[in-house]
Amino acid sequence: MVIKIENLKMKFPGAGSPEILNINRFELAASSQIAIFGKSGSGKTTFFNVISGVLSPASGLVSILGTDITKLKEHELDNFRSKNIGYIFQNLNLLQGYNAFENIEISLLVAKTKYCKKEIYENLESIGMAQHAKKRPHELSLGQQQRIAIIRAVMKKPALILADEPTSSLDPHNSALIIELLKKEARLMNSALIIVSHESDIISMFERQVKFCDINKASYESEEQSE
Amino acid sequence: MKLYMMMISKSIKQHYISSILTIFCVALSTALLFSTISLRQQTHENFTQTGIGIDAVLGPKGSPLQIVLNAVYHLEEMPGKIKWDYYKKVAADPLVISAVPFCTGHSYAGFRVNAIDADFFENFEYAPCRKFSFSESGGGRGRAFSTHGEAVIGSSVALELQMNIGSEFSPVCGVNQGDPTHDDRIKVVGILAATATPYDKAIYIPLKTFYSLSGHSNDVAAMTIDESHREISGAYLKLKKIRENTLHPGITGLKYNINQSPNAQLVIPNETLPKLFNIIGWVDSVLLMISITVGIMSMLFLFSTLFNSTQEKKRDIALIRFLGAPRKLVFMTVIGESLTLAISGLALGLALSRLIVSIAADQINIETGIRLSASYISPGEIRLIPAILLIGAIAGLIPAINAYKTNIIKHLKPLS
């Protein structure tokens, strides 16, 4: 199992603040690909942040690759995340002061992954971005930026890739291309992939589709209340 | 290490205009501070060391400082004359090892013309254990004067006036513009090897030639042969010592006796010169204060540059942290950036300070004959290097803590 979550509870700080996550059980097998969808504010991004170790849950087990990350110290978590988790944000994925090539290189350096420059160029070539290697993010379109972010996430060969609404800033055509690329690269690297999206076209590209309120009891309750 | 260097260089390049301005600002303040310290230290050392070559100056009554400046640095004018007989009496004292009489008050083309005993070139030590020479390897040539109408010139005089062996000149009776020129033609027979002291900037003629210059009154002319009426400006004295740099205790009594007499006074340069530095010490202090103030301002500028750049890069910092970079690395990157800017400014400032010292050294050499070295780095400057680097690191401390505390979640919220 890449992910194993049991009895996860999470609420924002402050007395009386509502519970944001309440997950009894969630598991994800290696190399599997799923799409999660749900209402805004239902805790999907918080869920990703907990899985990636940026947020600590109030209680519960969050096991990634057999390691309970809630027990890790901050620097151990940083190291764990750098090696095992690739992350793609909704937008502004790239470091502004770095060009496309360097944005990929820095991720490999942080993860202490062995690489050669040729390898980065080959990966850029495979997505038709080699000629943009020296360009800074502001010189690239959003679609191009997302493609660089995908290469950055997959090149360190992580066990898990998390993509939080990676196509929300793109047109439908580019969105489909990005998702295809993401699925292909994740398969090549044997990485498990979880994508969060609101777009039905994107969700339908995945065999396994999970409604977030089905795994998050807190989200279910909030949706019930709102209804 | 590669990651660390990459992050520092990227951060500097990302804000290259403010980075360049910061480096320039640190360089200017460092240059000001270093050149002030270097000039202060070298001037002090040179002035005191030049005086060390002679133990004392026997001079007329008047300002002791004026006597030292005139006898050693060829500046100012002697406040009077002393009798030859009195000089002979002092020279004969058992505590006086050697004495070289001289007359000042003449010049040529802006350089002092001093009449002196020929013993000056043989036995006089212009610095500890250093005697004059005419060796060609040191830029000298010719010989000491041996008869009437001959002269020896310092190396700077030869260079600046393009004078050589056989050149002739007529001395001016005085040291001010408009003073009358003697008709006599005096021939250069020797050029002293460079000493890097004010002695390079003077012309030396025999005492008898000095007295017999045409235009001098009959009384002065008579001094050529009549020693009983002869007067001199002063004499360089080499005194008895009990060990290196420690004069014989009896010198105090000798000095007292001479100073009590109505004829002369004994001036010890090593006692008098510190008074000069005390007088001009406030200029040093003011310059130092200005330099330190500019230094503090440049460090505040460095702090402000780093703080603003850290604030602007919060999302990038959060992103790097999300990629797995530990807080410690982010902290050290800002400190590294601060040190890089400080080191660059320091290096540029050091180079700039050598340029300032070099320009100032030329001017000081023209004015006093003292040669300062642009390549000399004083102990004060060496001590300042780690201090500047430490302050550079401290300037980066708050921005580094700011980067260290960056909240990943807060700064990675999606932007619409």
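Structure's up top.
Rules and cut-offs
Residues numbered from 1 in each chain as written. Chains lettered and ligands numbered in written order. Predicted model: local features only at pLDDT ≥ 70, side-chain atom pairs only at ≥ 80, totals over all residues. Heavy atoms only, no water. Core = buried A, V, L, I, M, F, W, Y, C linked by side-chain atoms within 4.5 Å. Buried < 20%, exposed > 50% of the residue type's maximum accessible area, 1.4 Å probe, protein only. Helix = DSSP H or I, 4+ residues; strand = E, 2+ residues; numbered from the N terminus. Contact = heavy atoms within 4.5 Å. Buried area = accessible area lost by both parts, 1.4 Å probe. Salt bridge = Lys/Arg side-chain N within 4 Å of Asp/Glu carboxyl O. Pairing = 2+ DSSP bridges. Phe/Tyr/Trp six-rings, centres within 6.5 Å; stacked < 30°, edge-to-face > 60°.

Student: What is the right way to look at the nonpolar core in this model?
Tutor: General note: in soluble globular proteins, nonpolar side chains tend to be found buried as a group. In this structure, I3, F26, F47, I106, L160 and I194 of chain A are the most contacted members of the largest nonpolar core, which totals 67 residues. Per-element tally for this core: the top contributor is helix α1 (residues 2–14) of chain B, with six residues. Those residues in contact with F26 of chain A that sit more than four places away from it in its chain are I3, K4, I5, I34, F47, I194 and I215 of chain A. Within the second largest apolar cluster, 40 residues are counted, among which are W84, A115, M163 and L254 of chain B.

Student: Can you help me understand the interface of chain B and chain A in this one?
Tutor: Buried accessible area, meaning the area lost when the parts come together, often serves as the stated size of an interface. Contacts between the two partners involve 23 residues from chain B and, on the opposite side, 30 residues from chain A. Note on chain B versus chain A: buried area summed over both sides is about 2,400 Å², and carbon and sulfur give 63% of it. Area buried by chain B at its contact with chain A is led by K10, F322 and L323 of chain B, which between them contribute 28% of it. On the surface where chain B and chain A come into contact, there are five salt bridges. When the shortest N-O distance is used, the salt bridge between R321 of chain B and D78 of chain A registers 3.1 Å.

Student: What should I look at first to understand the sheet that holds strand β1 (residues 3–11) of chain A in this one?
Tutor: Residues and elements named next belong to chain A. Here four strands make up an open sheet; going across it, the order is β2-β1-β4-β5 and the pairing antiparallel. Edge strands, defined here as strands with exactly one partner in the open sheet, are β2 (19–28) and β5 (67–68). Pairing between β1 and β2: eight bridges, direction antiparallel. Counterpart to K9 in the pairing with β2 is N22.

Student: Before we go on, may I ask you to explain the pairing of β1 of chain A in this structure?
Tutor: Looking down a regular strand, the side chains alternate between one sheet face and the other. When β1 of chain A meets strand β4 (residues 59–64) of chain A, the two strands line up antiparallel, connected through five bridges. The residue bridging K4 of chain A from the neighbouring strand is S63 of chain A, located in β4 of chain A.

Student: Hey, could you run me through the packing of aromatic side chains in this one?
Tutor: In this description, an aromatic ring pair is defined by two values, namely the gap between the centres and the angle between the planes. Counted by the stated rule, this structure contains 28 aromatic pairs over all chains. Aromatic side chains Y87 of chain A and F89 of chain A sit 4.7 Å apart centroid to centroid with 35° between the ring planes, which places their arrangement in the tilted category. Pairing F124 of chain B with Y236 of chain B gives two aromatic rings, centres 4.9 Å apart and planes at 45°, and the pair type is tilted. In this pair, F124 of chain B is assigned in the loop between α5 (119–123) and β5 (125–127) and Y236 of chain B in strand β13 (residues 234–239), connecting sequence segments 112 residues apart. Among the aromatic side chains, those forming a connected cluster through ring pairs are F102, F120, F121, F124, Y126, F132, F134, F145, Y199, Y204 and Y236 of chain B.

Student: It is not clear to me how unusual backbone geometry should be interpreted in this structure. Could you clarify?
Tutor: Excluding glycine, residues mostly have negative phi values, and the peptide bonds linking residues are mostly trans. In this structure, S31 of chain A is a non-glycine residue whose phi angle is positive, near 65°. Position of S31 of chain A among the secondary structure elements: in the loop between β2 and β3 (33–37). A positive phi angle is found at A109 of chain B, which is not glycine, with a value near 50°. Tracing the backbone through its elements, the reader meets A109 of chain B in the loop between β3 (96–108) and β4 (111–116). For A109 of chain B, a relative accessible area of 46% puts it in the partly exposed group.

Student: Even after reading the chapter, I still don't get the pattern of salt bridges, so can you show me in this structure?
Tutor: A side chain of one charge can pair with a side chain of the opposite charge if their charged atoms are brought near each other. For the coordinates displayed, the defined rule picks out 20 salt bridges over all chains. Between E6 of chain A and R25 of chain A there is a salt bridge; the shortest N-O distance is 3.0 Å. Placement of the pair is E6 of chain A in strand β1 and R25 of chain A in strand β2, with a sequence separation of 19 residues. Among the residues examined, R25 of chain A registers a relative accessible area of 48% and is labelled partly exposed. Between D78 of chain A and R81 of chain A there is a salt bridge; the shortest N-O distance is 2.9 Å. Placement of the pair is D78 of chain A and R81 of chain A together in helix α2 (residues 74–84), with a separation of three residues, close to one helical turn. Of the two residues examined, D78 of chain A and R81 of chain A, each falls in the buried class. Put simply, E74, D78 and R81 of chain A together with R321 and R327 of chain B are held in one network by salt bridges that share partners.

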